[in-house]
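Each chain is listed here by its residues.
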Amino acid sequence: MFVLALRPNPLPTVIYTKLLPLHKWCSRIFIIVMVYHSVIFSIIWFESDEFWKKVSRLDIFPGVISFVLWFMVLLVSIKPIRVRIYRLFYMIHMIATWSLAPLMLIHAPNFKAFSYLNFVMIGFMLYSKVCFSVTKSH
């Protein structure tokens, strides 16, 4: 999703707006999988009476925070809601995006390479936002 959201896109002759529908669909799939993952683990932990013990663990709690953030993105990205409160949508979207890599590094340490790649992509996003949004006077 990070690659699809980069502006300007690093892929040659690929325009950002052409990738936006793919970014939206990949994001929807990501959120569906995340919700499924969270619901399944919650059910398992509720049945074993370990829900509160599990979600308060230092390695699980970042996943809970990420879930809440991305679920909020899901709610505010519904078109009738998004067009009315676009600034709030954008703010929540950016907070969820920027927090994904550090939260997942703690929550899923077995996927460090994925988290580090996310850090690189976020770094490139920051670099491109700063470099390509600053105007230079001659």
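Residues numbered from 1 in each chain as written. Predicted model: local features only at pLDDT ≥ 70, side-chain atom pairs only at ≥ 80, totals over all residues. Heavy atoms only, no water.

## Considerations on the overall build of the protein chain
- What the protein chain contains, in helices and strands, is seven helices and zero strands.
- Beginning at the N terminus, the succession of helices and strands in the protein chain can be written as α-α-α-α-α-α-α.
- For the protein chain, the spread of C-alpha atoms along the three principal axes comes to 65 × 35 × 25 Å.
- Relative to its full complement of 138 residues, the protein chain shows a buried share of 30%.
- If you take every contact in the protein chain between residues at least 6 apart in sequence, the share linking residues at least 24 apart comes to 57%.
- Accessible area for the protein chain stands at about 9900 Å²; split by element, carbon and sulfur atoms hold 73% of it.
- Charged side chains in the protein chain number 14 positive and 4 negative. The centres of these two groups are separated by 29 Å. (Helix = DSSP H or I, 4+ residues; strand = E, 2+ residues; numbered from the N terminus. Buried < 20%, exposed > 50% of the residue type's maximum accessible area, 1.4 Å probe, protein only. Contact = heavy atoms within 4.5 Å. Areas by Shrake-Rupley, 256 points an atom, 1.4 Å probe, with all protein chains shown as cover. Lys, Arg positive; Asp, Glu negative; His and termini not counted. Charge placed at Lys NZ, Arg CZ, Asp CG, Glu CD.)

## Some points on the packing of aromatic side chains
- Going through the model one piece at a time under the given rule, you end up with eight aromatic pairs.
- Consider the rings of Phe-46 and Phe-51, whose centres lie 4.2 Å apart with planes at 5 degrees: the pair is stacked.
- Aromatic rings pair up to connect Phe-46, Phe-51 and Trp-52 into one cluster.
- Arg-28 extends its terminal NZ or CZ atom over the ring of Trp-25, reaching a point 4.6 Å from the ring centre. (Phe/Tyr/Trp six-rings, centres within 6.5 Å; stacked < 30°, edge-to-face > 60°. Lys NZ or Arg CZ within 6 Å of the ring centre and 35° of its normal.)

## Regarding the nonpolar core
- Counting residues in hydrophobic clusters, the biggest one holds twelve residues: Ile-31, Met-34, Leu-69, Trp-70, Val-73, Val-76, Phe-89, Ile-92, Ala-96, Leu-100, Leu-103 and Met-104.
- Every element with two or more residues in this core is listed here: helix 2 (16–47), helix 4 (61–76) and helix 6 (86–107).
- In terms of residue count, the dominant contributor to this core is helix 6 (six residues).
- Sequence-distant contacts of Leu-103, defined by excluding residues within four places in its chain, comprise Pro-62, Ile-65, Ser-66 and Leu-69. (Core = buried A, V, L, I, M, F, W, Y, C linked by side-chain atoms within 4.5 Å.)

## Describing the pattern of salt bridges
- This model, assessed by the stated rule, comprises two salt bridges.
- The salt bridge partner of Glu-50 is Lys-54, with a shortest N-O separation of 4.0 Å.
- Residue classification places Glu-50 among the partly exposed positions, given a relative accessible area of 27%. (Salt bridge = Lys/Arg side-chain N within 4 Å of Asp/Glu carboxyl O.)

## Quick notes on the packing of helix 6 against helix 7 (residues 112–133)
- Remark: helix 6 packs on helix 7, axes separated minimally by 7 Å, with the N-to-C direction vectors making an angle of 140 degrees. Taken as a pair, helix 6 and helix 7 cross one another with a handedness that is left-handed. Together, Tyr-90, Thr-97, Trp-98, Leu-100, Ala-101, Pro-102, Met-104 and Leu-105 of helix 6 and Lys-112, Ser-115, Tyr-116, Asn-118, Phe-119, Ile-122, Met-125, Leu-126 and Lys-129 of helix 7 make up the contact between the two elements.
- Taken together, the residues of the contact of helix 6 with helix 7 break down into twelve nonpolar, three polar and two charged. (Axes fitted to C-alpha atoms, helices over the stretch in contact; angles between N-to-C directions. Left-handed = near helix turned anticlockwise from the far one by under 90°. Nonpolar A, V, L, I, M, F, W, Y, C, P; charged D, E, K, R; others polar.)

## Describing the side chain of Arg-82
- Counting through the fold element by element, Arg-82 comes out in helix 5 (residues 79–84).
- Buried within the structure, Arg-82 lacks any salt-bridge partner; its nearest side chain of opposite charge belongs to Asp-59, at an N-O separation of 34 Å.
- Ignoring any residue separated from it by four or fewer positions in sequence, one finds Arg-82 in contact with Val-76, Ser-77 and Phe-89.

## Points about helix 4
- Along its 16 residues, helix 4 runs 23 Å from first to last C-alpha, staying within 8% of the 22 Å computed at 1.5 Å per residue.
- Within the span of helix 4, buried status applies to Pro-62, Gly-63, Ser-66, Leu-69, Trp-70, Val-73 and Val-76. Buried residues in helix 4, looked at end-on, bunch into an arc of 160 degrees, giving them a common side. (Expected span 1.5 Å × (residues − 1). Arc of directions from axis to C-beta.)

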